[in-house]
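# Report on the structure
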Amino acid sequence: MRLKHVFIINPISGDGSYRQLLSWLMKQENLDYEIKYTEYIGHAKALAHEAGQDAIVYAVGGDGTAHEVLNGLHKDAVMGVIPTGTGNDFYKMIGDKSKLIEMIEQTVLHGDVRKIDVGKMNGDLFLNCTNVGIDADINMRANKMRYKFISRKFVYLIAALIEVFSIKPYPFEIKKDDDFEPTAIALLSVMNGKYYGNGFKSAPDASLDDGYLDLCHVAPVTFLRALSLLPKYMKGNHLGLPEVTYEKIKKLEVRSEQALVVGCDGEVLKTNSIEIEVLPKYLNLRVPSKA
C-alpha cells in the first residue's frame, strides 16, 4: 500500500527554513503529500492524530513540534522529522540539519523505517529527554528569553550562566528499583537521545534502540565547581567525575514535597512526582537513507 506523506509544519519554529521544504515539494510530481500548518500549542498533536495510521507523518519544526506529533501519532503510523527549529537536539541522532535539502530527499524519497525506543513520563511520550533540576530551570528561563539576533544556542548558554549563579540542591526521593531513597541533585536528566539544550551532550552513551534510557545524575555542587563542570557537560566529558552518576535504566520514579520544574523534550511543566519508563522499539521512525 502506498502511504501518503503528511507534513505538519510549525511556521513559527526556527528561522523559516521550512520554506526550503515547500520549494522542494513543489518540484515533486509523483509524490502524494499533504501540508498542514499548526496554529496553536497542541495543534500538531491533533493534526498527527487526524492523519490516521496509513500515513507517514512528518514533524516540521523543532523538538517541541516533534514531541507533539509523537503524542498524537497512531501506534502503527510512521513518523519522520524535518529539522527546521532552533535546537533540533533529537535530530542530531539521525541526521545533519546543515544538509537540509539532502536530508529531506533522503528521508522522504528514499527513507528507511527504523524501530526506536521512546520514553514515557506521567503518561506523556518523549522522543529525547526528561530533565529535573538546574537544567529544567535553565530550559524554563531560556524559553522566556527572546532575542531576535542571538542564536538559540547562545540564549541557552546565557540562561545556564544565570542559573549557575543561583545554583541550589534539589531535594526529593528517587526510586530506581524497589524502594524510594532520599537524595539531592544539581540536575537529573533521563535521556533517549544524547543531546538537549541545543547541543549539551548529557548522555554520550545513549542509543535510540538499546531498550534503555540513560540516567545522568549530578550531585549538588558549589558555584565554582558548577562553572568548571558546565563546559565538560556541554561536550559530554562529564562521565567518571565524582559528582556524576551515569547508568542505563528502564524505570524511574521521583517525588518531592515541593513542585519540581520538569523539562520534557523542551516543554516545561511543574509537578510533585514523575514516573518514567522506556517503551522499547515503540516508534516507526523514517530516517534518511544512508545509501
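Heads up: the structure comes first, above all this text.
Summarised in this report is the structure supplied together with it. Along each chain, residues carry numbers from 1 onward, in the same order as the chain's sequence is written. Since the coordinates come from a predicted model, pLDDT governs what is reported: local features require at least 70, and pairs of side-chain atoms require 80 or more to be given and counted, while whole-chain, interface and lining totals use all residues. Computation of side-chain values covers all heavy atoms of the structure but excludes hydrogens and water.

### Describing the overall build of the protein chain
Helix and strand definitions here come from DSSP, where helices need a minimum of 4 consecutive H or I residues and strands a minimum of 2 consecutive E residues; each element is numbered from the N-terminal end. Along its length, the protein chain carries 7 helices and 16 strands. Residue contacts follow a heavy-atom distance rule, with two residues in contact if any of their heavy atoms lie within 4.5 Å. Long-range contacts, defined as pairs at least 24 residues apart, comprise 70% of the intrachain contacts of the protein chain with a sequence gap of at least 6. Note on areas: Shrake-Rupley with a 1.4 Å probe; residue coverage comes only from the protein chains shown. With the model as given, the accessible surface of the protein chain reaches about 13700 Å², and the carbon-plus-sulfur share is 51%.

### Observations regarding the pairing of strand β15 (residues 251–264)
Direction of pairing for strand β7 (residues 129–133) relative to β15: antiparallel, over a ladder of 3 bridges. Considered in β15, the bridge of Asn131 is made with Gly263. Pairing between strands is defined by DSSP: at least two bridges between the two strands are required. Summarising the sheet, strand β8 (residues 170–175) and β15 pair through 3 bridges and their orientation is antiparallel. By the bridge assignment for β15, Glu173 is matched with Arg255.

### Let's talk about the pairing of β8
For the exposure calls, accessible area comes from a 1.4 Å probe over protein chains only, and a residue counts as buried if that area is under 20% of its type's maximum, exposed if over 50%, partly exposed in between. A one-sided burial pattern is seen for β8, the buried positions being Tyr170, Phe172 and Ile174 and the unburied ones Pro171, Glu173 and Lys175. Taking the residues that link successive antiparallel strands as the turn, the β8-strand β9 (residues 181–185) hairpin has 5 residues.

### Topic: the side chain of Glu243
Mapped onto the fold, Glu243 is located in the loop between α7 (223–235) and β14 (244–249). Glu243 sits in the buried class, given a relative accessible area of 17%. Between N or O atoms, a polar contact is any pair within 3.5 Å; within protein, one atom must be a potential hydrogen donor and the other a potential acceptor, and residues adjacent in sequence are included only when both atoms are from side chains. A distance of 2.7 Å separates a polar atom in the side chain of Glu243 from a polar atom in the side chain of Arg225. Sequence-distant contacts of Glu243, that is, excluding residues within four places in its chain, are made with His217, Val218, Ala219, Val221, Arg225 and Leu229.

### Focus on the packing of helix α1 (residues 18–26) against helix α4 (residues 100–108)
Where helices are involved, their axes are fitted lines through C-alpha atoms of the stretch in contact, as for all axes, and angles between N-to-C directions lie from 0 to 180°. At their nearest, the axes of α1 and α4 sit 10 Å apart, and the two run at 55 degrees to each other. Considering their axes alone, α1 and α4 lie oblique with respect to each other. Pair α1 / α4 crosses with right-handed handedness. On α4, the residues touching Gln20, Leu21 and Trp24 of α1 are Leu100, Ile101, Ile104, Glu105 and Val108. Geometric relationships in this document are graded by angle, where less than 35 degrees denotes roughly parallel, more than 145 denotes roughly antiparallel, 65 to 115 denotes roughly perpendicular, and other angles denote oblique. If you view the pair so one helix is near and one far, a crossing is left-handed when the near helix is turned anticlockwise from the far one by less than a right angle, and right-handed when it is turned clockwise.

### Topic: the pattern of salt bridges
Any carboxyl oxygen of Asp or Glu within 4 Å of a side-chain nitrogen of Lys or Arg constitutes a salt bridge here. Within the structure shown, the criterion is met by 10 salt bridges. Two residues, Lys175 and Glu253, come together in a salt bridge whose shortest N-O distance is 3.8 Å. Of this pair, Lys175 sits in strand β8 while Glu253 is found in strand β15, placing the two residues 78 residues apart along the sequence. In this structure, Lys176 and Glu247 form a salt bridge, with 2.7 Å as the shortest nitrogen-oxygen distance. With a gap of 71 residues between them, Lys176 in the loop between β8 and β9 and Glu247 in strand β14 connect regions that are remote in the sequence. One network of salt bridges, in which partners are shared, links Lys4, Glu34 and Lys36.

### Digging into the environment of Ala206
Position of Ala206 relative to the elements: it lies in the loop between β12 (200–201) and β13 (213–218). On the basis of relative accessible area, Ala206 is assigned to the buried category, the value being 5%.

### Considerations on the packing of aromatic side chains
Any pair of Phe, Tyr and Trp rings, taking the six-membered ring for Trp, is counted once the centres come within 6.5 Å. Such a pair is stacked with planes under 30 degrees apart, edge-to-face with planes over 60 apart, and tilted for the rest. Applying the stated criterion to the full structure yields 4 aromatic pairs. Centroid distance Phe7 to Tyr33: 6.4 Å. Interplanar angle 75 degrees. Geometry classified as edge-to-face. In this pair, Phe7 is assigned in strand β1 (residues 4–9) and Tyr33 in strand β2 (residues 33–37), connecting sequence segments 26 residues apart. A relative accessible area of 0% places Phe7 in the buried class. Residues Phe7 and Tyr58 carry aromatic rings whose centres are separated by 4.5 Å and whose planes lie at 10 degrees to one another, so their mutual orientation is stacked. One end of the pair, Phe7, is in strand β1; the other, Tyr58, is in strand β3 (residues 55–61), with 51 residues separating them in the sequence. The same class applies to Phe7 and to Tyr58, which are both buried. Each member of the aromatic cluster is reached from another via a ring pair, and the members are Phe7, Tyr33 and Tyr58.

### What about unusual backbone geometry?
In this model, Asn122 sits at a positive phi of 50 degrees, which is unusual for a non-glycine residue. With respect to the element layout, Asn122 can be found in the loop between β5 (112–121) and β6 (124–126). For Lys281, which is not glycine, the phi torsion reads 50 degrees and is therefore positive. Its location among the elements puts Lys281 in strand β16 (residues 267–287). Residue classification places Lys281 among the partly exposed positions, given a relative accessible area of 42%.

Keep in mind these numbers describe shape, not what the thing actually does.
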